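# Understanding the architecture of this molecule
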Amino acid sequence: MPAEKQTHEKINQKKMLPKTILAQWQTTFDAINDAVCLLDMNGKILRCNKTMESFLKKSSKEIIGGTCWKLVHGTDKPVKGCPIVRMKKTLCRETLVLKVDDKWLNVTVDPVIDETGNLAGAVHIISDITRRKQREEAIKESKERYRGLSEASFEAIFISEKGVCLEQNSTAEKMFGYTLSEAIGRKGVEWIAPEDREMVMNNMLSGYEELYEATALRKDGSTFPAEIQGKMMHYKRRTVRVTALNDITKRKQAEEELRKSEQRFRSIFENIPNIAVQGYDADRKIIFWNQASEKLYGYKKEEAIGNQLEDLIIPFEMRESVIEAVRNWVENGIPIPHGELKLMRKDKTTFPVYSSHVILKNINGELEMYCIDIDMTERKQAEEALLNSEKRLHYLSSQLITAQEKERRRISLELHDEMGQALTAISINIRSIEKELPLDLTPLIKERIAEIYSLADQASEQIRELSHYLRPSMLDDLGLVPTLRWYLDVYRKRTNLDVKYEPINFEERPSPEVETVIYRVVQEALNNIVKHAQAGSVLVRVERKDKEAAVFIKDNGRGFEVNEFLAPDDLKGGIGLLGMQERVSILEGKFSLQSSKGHGTRISVEIPLH
């Protein structure tokens, strides 16, 4: 820095210097790669180079006259440890390494001494040492990481040269009982049981790098199974072998437990009755065949083991798909779904089986597939019998409902024709008798005659309503739409409910069976609304579509929990609903009921039009 000090002294006399010399000095000053500035006695900047302008991202006009602590740190006074403050006291070079934002800076301040030996100013140099610090940090972190990894490793790590130990980590000390001072200089095979020493020494000297197992020997003479792997490398300018040794006692114990568990598994499934279990390898060759499999498929264990799965129990038409499914499972992890299959016995007959599948790894890490099969023959027969029984019950129910409708029609006609006519005759006869009676009848007799007229009229009206309720004749004569309109008018007057009726596209009548079912569904639904719903309004919509007739009934009543109402142990409240469902199902229709407390009830029916 003597040249820079001399330069500073000359700058104080710059007015007397020739312009050419000053220009040469400035060019040299700007060529310096570090940020350089000249300071006065108070630390204010007198001149700076281009690098300083770039570093502060300001022009020289903005920099000159300011202080470095203001421009760099944004403070009004020097920062703690400021080298300018220290330089004023020591009159020697002072340095400071600091970090500003993401940069590391090396700050140097040199004093400028005048002819009298007094401080005249200073030269301030700022060097960006970020890359150097990063390299230093990286080297430091690498060393710490290496040491940390070595010491934190769960493996014992040794460094040896020509089979002699140079270094070990703390895990090795804990694992074997030798301190570092005891370990250094010993042959590596001293950590190995005698029966495996020759193999381990050969691996160490030959540079063998694959994983292998050996029996390790502790200082106290006890042994344990170990997994060892070594690698040749350069360490402290020497060619050494780094060996990692792992205690695999727990793994060996787990493998032994797994082996025992597998033996128990095989014993259990070998003797379990009625559940056929077969095992296959990744190539579909049979490796396990229990007694239930012998019984189910007809092959003895000796006949089955070693054969291909598809050759024994898979029907010919399924073989390609089964092979592909197993391949996809083994190679791509796509499991074979559980389900019913038609499999084949030794005599080539097929039968239903419910088959479940699982892939496991054996103790050698090889994939094995196990199939658990249950004979579904008896269950299928029971299901078929149940289905036939349901069909018979369905048919009987259909016949019962048909007979009921016929009987209702007959009773309705008899009530309307015979009972109605009888009551009409009674009324006519009473009128005839009344005419023959003397005119001076007592008030009591006149009152009784009037009561007879009234009772006859009431009976006629009740019989008419009962006849319509049982089976309105207009349903057969006029069809569904006008019959429902009449019924809903009567219902509206009787209940004072707001009933909205929406018939859609019913210009063409459906079959009498469909009309009867829809009428009965509406009738039963409205009866339930009156009894239970406490509703204020009801919507009834019937619609004829291309292939079906649809019914929608909605009320704004209190609703109910459907599952509770139709609970299997208490169907008293749901008989009417079940009757609707049964009527709809007879015509192969769909019945849907939706309800919840406080949100009303909705019934939807769809009946196909054949």
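So, how was this worked out
Sequence order as written defines the numbering, with residues in each chain counted from 1. Local features in this predicted model are restricted to residues whose pLDDT is 70 or higher, and side-chain atom pairs enter the listing and the counts only when it is 80 or higher, whereas totals over whole chains, interfaces and linings include all residues. Side-chain measures were taken over the full set of non-hydrogen atoms in the model, leaving aside hydrogen atoms and water. The helix and strand labels rest on DSSP assignments: H or I over at least four residues marks a helix, E over at least two residues marks a strand, and numbering proceeds from the N terminus. Note on exposure labels: buried denotes an accessible area under 20% of the residue type's maximum, exposed denotes more than 50%, and partly exposed covers the range between, all computed with a 1.4 Å probe on protein chains only. Whether two residues are in contact is decided by their heavy atoms: any pair within 4.5 Å suffices. Using a 1.4 Å probe, accessible areas were evaluated by the Shrake-Rupley method; residue-level cover was limited to the displayed protein chains. As used in this record, nonpolar core signifies buried Ala, Val, Leu, Ile, Met, Phe, Trp, Tyr and Cys residues forming a set joined through side-chain atoms within 4.5 Å. The term salt bridge refers to a side-chain nitrogen of Lys or Arg lying within 4 Å of a carboxyl oxygen of Asp or Glu. A pair of strands is treated as paired once DSSP finds two or more bridges between them. As a rule, the C-alpha atoms of each element are fitted with a line to give its axis, helices using only the stretch in contact, and angles between N-to-C directions run from 0 to 180 degrees. Any angle that falls under 35 degrees is termed roughly parallel, while one over 145 is termed roughly antiparallel, one within 65 to 115 roughly perpendicular, and all others oblique. As a working rule, the residues Ala, Val, Leu, Ile, Met, Phe, Trp, Tyr, Cys and Pro are called nonpolar, Asp, Glu, Lys and Arg charged, and the rest polar, with Gly in that last group. By definition here, a helix of n residues has an expected span of 1.5 Å times n minus one. What the arc covers is the set of directions going from the helix axis to the C-beta atoms. Note on scores: pLDDT gives the predictor's confidence for each residue, bounded by 0 and 100. Between rings of Phe, Tyr and Trp, where Trp is taken as its six-membered ring, a pair exists when centres lie within 6.5 Å; planes separated by under 30 degrees are stacked, by over 60 edge-to-face, and by other angles tilted. A ring is considered to have a charge above it if a Lys NZ or an Arg CZ atom is located within 6 Å of its centre and within 35 degrees of its normal.

### Things to note about the overall build of the chain
Scanning the chain from N- to C-terminus turns up 22 helices and 20 strands. When burial is assessed residue by residue, the chain has 37% of its 610 residues classed as buried. Across the chain, the fraction of contacts at a sequence separation of at least 24, relative to all contacts at a separation of at least 6, is 47%. Counting only carbon and sulfur atoms, one obtains 54% of the accessible surface of the chain, whose full area is about 37100 Å².

### Topic: the nonpolar core
Counting 39 residues, the largest nonpolar core has Ile 518, Leu 526, Ile 529, Ile 553 and Ile 603 as the members making the most contacts within it. Counting residues per element, the ones that place at least two in this core are α19 (480-495), β16 (498-504), α20 (512-533), β17 (537-544), β18 (548-555), α22 (575-586), β19 (590-595) and β20 (601-608). Ignoring sequence-local partners within four residues, the contact set of Ile 603 consists of Ala 525, Val 551, Phe 552, Ile 553, Leu 577, Met 580, Phe 591, Ser 592 and Leu 593. Residues Ala 292, Leu 309, Met 369 and Cys 371 belong to the second largest nonpolar core, which totals 23 residues.

### Focus on the pattern of salt bridges
Any two side chains of opposite charge can pair, on the condition that their charged atoms come close. Counted by the stated rule, this structure contains 26 salt bridges. Here Arg 86 ties to Glu 94 by a salt bridge, and the two come within 2.4 Å at their closest N and O atoms. A relative accessible area of 14% places Glu 94 in the buried class. A salt bridge links Glu 182 to Lys 219; the shortest N-O distance between them is 2.9 Å. Here the residue Glu 182 occupies a position in helix α9 (residues 180-183), and Lys 219 occupies one in the loop between β8 (212-217) and β9 (223-235), the gap between them amounting to 37 residues. Among the charged side chains, a network of salt bridges with common partners joins Glu 213, Glu 227, Arg 251, Lys 252 and Glu 255.

### Here we look at unusual backbone geometry
Here Asn 505, not a glycine, exhibits a phi torsion of approximately 60°, which is positive. By the element assignment, Asn 505 lies in the loop between β16 and α20. The residue Glu 588 is not glycine, and still its phi comes out positive at about 60°. Structurally, Glu 588 is set in the loop between α22 and β19.

### Focus on the sheet that holds β9
Hydrogen bonds between backbone atoms are what pair the strands of a sheet, whose relative direction is either parallel or antiparallel. Spatially, five strands are ordered β7-β6-β10-β9-β8 in an open sheet, and the strand pairing comes out antiparallel. Pairing within the sheet leaves two strands with one partner each, and these edge strands are β7 (164-168) and β8. Across the sheet, the axes of successive neighbouring strands diverge by a mean angle of 40°, strand direction being ignored. With four bridges connecting them, strand β6 (residues 156-161) and β7 associate as antiparallel partners. Residue pairing across strands places Glu 161 opposite Val 164, the latter belonging to β7. The sheet strands contacting helix α10 (residues 197-206) are β6, β8, β9 and β10 (238-247), and the helix crosses β8 at an angle near 120°.

### Focus on the pairing of strand β3 (residues 94-100)
As paired strands, β3 and strand β4 (residues 103-113) are joined by seven bridges and run antiparallel to one another. When the sheet's bridge partners are listed, Leu 98 is paired in β4 with Leu 105. In textbook terms, the turn of a hairpin is the stretch between consecutive antiparallel strands, and for β3 and β4 this stretch comprises two residues, one of which, Asp 101, has a positive phi near 55°.

### Examining the packing of α19 against α20
Between α19 and α20, whose axes approach to 11 Å, the crossing angle comes to 10°. In terms of their interaxial angle, α19 and α20 are classed as roughly parallel. Contacts between α19 and α20 pair Leu 480, Thr 483, Leu 484, Trp 486, Tyr 487, Leu 488, Tyr 491 and Thr 495 from the former with Glu 515, Ile 518, Tyr 519, Val 522, Gln 523, Leu 526, Asn 527, Ile 529 and Val 530 from the latter. Of the residues contributing to the contact of α19 with α20, the split by class is 12 nonpolar, four polar and one charged.

### A short note on helix α15 (residues 319-332)
Since there are 3.6 residues in each turn of an α-helix, residues three or four apart along the chain are aligned in direction. The end-to-end C-alpha distance of α15, which contains 14 residues, comes to 19 Å, matching closely the 20 Å that a straight helix rising 1.5 Å per residue would cover. Every buried residue of α15 is accounted for by Val 322, Ile 323, Val 326 and Trp 329. On an axial view of α15, the arc spanned by its buried residues comes to 130°, and they lie on one face. Opposite the buried face of α15, at more than 90 degrees from it, the exposed residues are Glu 320, Glu 331 and Asn 332. Elements that come into contact with the buried residues of α15 comprise α14 (309-312), β14 (350-361) and β15 (367-375).

### What to know about the pairing of β8
In this structure, β8 lies alongside β9, joined through six bridges in antiparallel fashion. Counterpart to Tyr 212 in the pairing with β9 is Ile 228. Taking the residues between adjacent antiparallel strands as the criterion, β8 and β9 are bridged by five residues, where Gly 221 takes a positive phi near 95°.

### Overview of the confidence of the model for the chain
Model confidence for the chain is summarised by a mean pLDDT of 83, while 85% of its residues fall at 70 or above. At the low end of the mean pLDDT range in the chain sits helix α1 (residues 2-11), at 48; at the high end sits β8, at 95. Note that residues 1-8 has pLDDT below 50 and, in this model, 16 contacts with residues that lie over four places away or in other chains. Here residues 568-573 is modelled with pLDDT under 50, and outside its nearest four sequence neighbours on either side it reaches four contacts, counting other chains as well.

### A closer look at the sheet that holds strand β5 (residues 119-128)
One open sheet holds the five strands; their spatial order is β2-β1-β5-β4-β3, and the pairing between them is antiparallel. Each of the sheet's edge strands pairs with one partner strand only, and the pair in question is β2 (45-48) and β3. Along the sheet, successive strands turn relative to each other by an average axial angle of 25°, direction set aside. Two strands pair when backbone bridges link them, and β4 and β5 are joined in this way by nine bridges, in the antiparallel orientation. The residue bridging Val 112 from the neighbouring strand is Gly 121, located in β5. Packing against the sheet, helix α2 (residues 19-31) makes contact with β1 (35-39) and β2, and its axis sits at approximately 85° to β2. Strands in contact with helix α6 (residues 83-90) are β1, β3, β4 and β5; relative to β3, the strand with the most contacts, it is inclined by about 175°.

### Observations concerning α19
Taking 1.5 Å of rise per residue, the 16 residues of α19 would be expected to cover 22 Å, and the 22 Å separating its terminal C-alpha atoms lies within 8% of that figure. Within α19, the full set of buried residues consists of Leu 480, Val 481, Thr 483, Leu 484, Tyr 487, Leu 488 and Tyr 491. Down the axis of α19, the smallest arc covering the buried residues is 155°, so these residues share one side. The inward-facing, buried residues of α19 abut α18 (473-477), β16, α20 and β17. Positive phi shows up at Asn 496, right after α19, with a value of about 65°.

### A closer look at the packing of aromatic side chains
Here the structure, examined in full by the defined rule, presents 11 aromatic pairs. Taking the centre distance of 5.9 Å and the plane angle of 50° together, the rings of Tyr 297 and Phe 351 count as tilted. Linking Tyr 297 in helix α12 (residues 291-297) with Phe 351 in strand β14, this pair joins segments that are 54 residues apart in sequence. The buried category is assigned to Tyr 297, whose relative accessible area is 1%. Looking at Phe 351, the relative accessible area reads 2%, which means it is buried. Grouped by ring-pair contacts, the aromatic residues Phe 158, Phe 176, Tyr 178, Trp 191 and Phe 224 constitute a single cluster. Between the NZ or CZ atom of Lys 133 and the centre of the ring of Trp 104, over which it lies, the distance is 4.6 Å.

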